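Listed below are the residues making up each chain.
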Amino acid sequence: MTETQDKTGTVLVLGATGGIGGAVACGLHLRGWTVRALNRDAAKASRKAPAFEWIQGDAMNAADVRAAAEGASIIIHAVNPPGYRDWGKLVLPMLDNTIAAAKAVGARIVLPGTIYNFGPDAFPVLDEDAPQNPRTEKGAIRKEMEARLKVACEAGVRVIILRAGDFFGPGAANNWFSQGLVKPGKPLGAISYPGKKGTAHQWAYLPDVAETMIRLIERAERLPPFAVYHMRGFFDDDGTKMIAAIRRAVGKHDLKVKRFPWWLVSLASPFVPLFKGLTEMRYLWREPLEMRNDQLIATLGEEPQTPIDGAVTATLASLGCLPQDCGMSTAPARLSVSS
């Protein structure tokens, strides 16, 4: 155990079966931490990740969270309702339970943040202290989550928030890459791109986000009580770089690019909640956005960053979009660093 690690080496992960929660949990376990995970079906979850200490319980139950947090100095709040059902109704109560548990046991809360907190008034260059004027219901809830954590911090709970762009990567669920740009389960016949050429967009490779969170956790005692950081991730400065990386990964430099069917999504949005949410977030594809990582670099010295070709290839392989005989493993690509 290094001098930068938590004294007890115990972390509670809420959302350990999800993309970011699972990736962080695995990374911390490999570094020698005791990983405790709360799950509504602990027996089933333990068969997939037997190295963790699985606790039967529900993140919506305050007593369950409090009991699971006993002895932990870090609580990673990466939990979402099953299938994202009733997300708007359940997310804040779950966070309140995490805050109450953290207060009771003296744990630090770590939250994977998003860009949904911000409206276009904060663009094009987004820093950590930019005004939060969200345009969407989801963004308003995200803003409220951070506000509640700020209040908790003023009451003595230490907090780390790491904000990043749109996720992609093995294990990443409910994201634009796998649900918008490509069709999983078969070789690509085309790319459906929601933005337009010339408009910058922010992406974040999930294994890089997890590694960055782990490094912040390892330095937790050196951080301010309310520590907020932005990842630069993969910055597509003109809306063509991700398309080019996908083309290189599949070996088709002339792979067709189609316009995302915004007209259909908009037409169906009054009747389909998912489409309503997508329509509300369209501004993120219309407005250029760049996230600066100056504060992160000042803290870590570098940002973990997997080369984009390796990251995209690993993502497409995990989605079943590459030929079976291509020899590509679904394991995350190897990291490099950027500063």
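This one's a predicted model, so the numbers in the text were calculated from it and none came from an experiment. (Residues numbered from 1 in each chain as written. Predicted model: local features only at pLDDT ≥ 70, side-chain atom pairs only at ≥ 80, totals over all residues. Heavy atoms only, no water.)

Asks: How should the environment of Val11 be read in this particular structure?
Replies: Here Val11 shows up in strand β1 (residues 10–14). C-alpha separation for the pair Val11 and Ile75, spaced 64 residues apart in sequence, amounts to 5.9 Å. (Helix = DSSP H or I, 4+ residues; strand = E, 2+ residues; numbered from the N terminus.)

Asks: Sorry if this is basic, but what is going on with the nonpolar core here?
Replies: The tendency in soluble globular proteins is for nonpolar side chains to be buried side by side. One finds Phe177, Met242, Ile246 and Leu316 to be the most contacted residues of the largest nonpolar core, which totals 43 residues. Take this core: its biggest share by element is 6 residues, from helix α13 (residues 308–318). When sequence neighbours within four positions are dropped, the list of residues in contact with Ile246 reads Phe177, Leu181, Val182, Leu188, Ile191, Leu255, Val312 and Leu316. Core analysis: the next-biggest nonpolar cluster, separate from the first, contains 38 residues, Ala37, Ala204, Val209 and Ala220 among them. (Core = buried A, V, L, I, M, F, W, Y, C linked by side-chain atoms within 4.5 Å. Buried < 20%, exposed > 50% of the residue type's maximum accessible area, 1.4 Å probe, protein only. Contact = heavy atoms within 4.5 Å.)

Asks: How do you make sense of the pairing of strand β11 (residues 226–230) when you look at a structure like this?
Replies: Remark: a regular strand shows side chains that alternate across the two faces of the sheet. In terms of burial, β11 is a largely internal element, 4 of the 5 residues being buried. Across 5 bridges, strand β7 (residues 159–163) lies against β11 in parallel orientation. Paired with Val159 across the two strands is Phe226, which belongs to β11. (Pairing = 2+ DSSP bridges.)

Asks: Help me out: how do you make sense of the sheet that holds strand β4 (residues 74–77) in this one?
Replies: Taken together, the 7 strands give an open sheet; going across it, the order is β3-β2-β1-β4-β5-β7-β11, and neighbouring strands pair in parallel fashion. At either margin of the open sheet sits one strand with a lone partner, and together these are β3 (53–56) and β11. Put simply, the sheet's adjacent strands are angled 20 degrees from each other on average, direction ignored. Summarising the sheet, β4 and strand β5 (residues 108–113) pair through 3 bridges and their orientation is parallel. Residue Ile75 lies in a different strand from β5, and its bridge partner there is Ile109. (Axes fitted to C-alpha atoms, helices over the stretch in contact; angles between N-to-C directions.)

Asks: Looking at this structure, how should I read α13?
Replies: An α-helix turns once per 3.6 residues; consequently, residues spaced three or four apart project the same way. When you tally the buried positions in α13, you get 8 out of 11 residues, the bulk of the element. Those residues of α13 lying buried are Ile308, Ala311, Val312, Thr313, Ala314, Thr315, Leu316 and Ala317. Against the buried residues of α13 lie β8 (166–168), α6 (176–181), β10 (201–205), β12 (234–236) and α8 (241–250). Positive backbone phi, at 75 degrees, marks Gly320, one or two positions downstream of α13.

Function-wise, these values are silent; they only describe arrangement.
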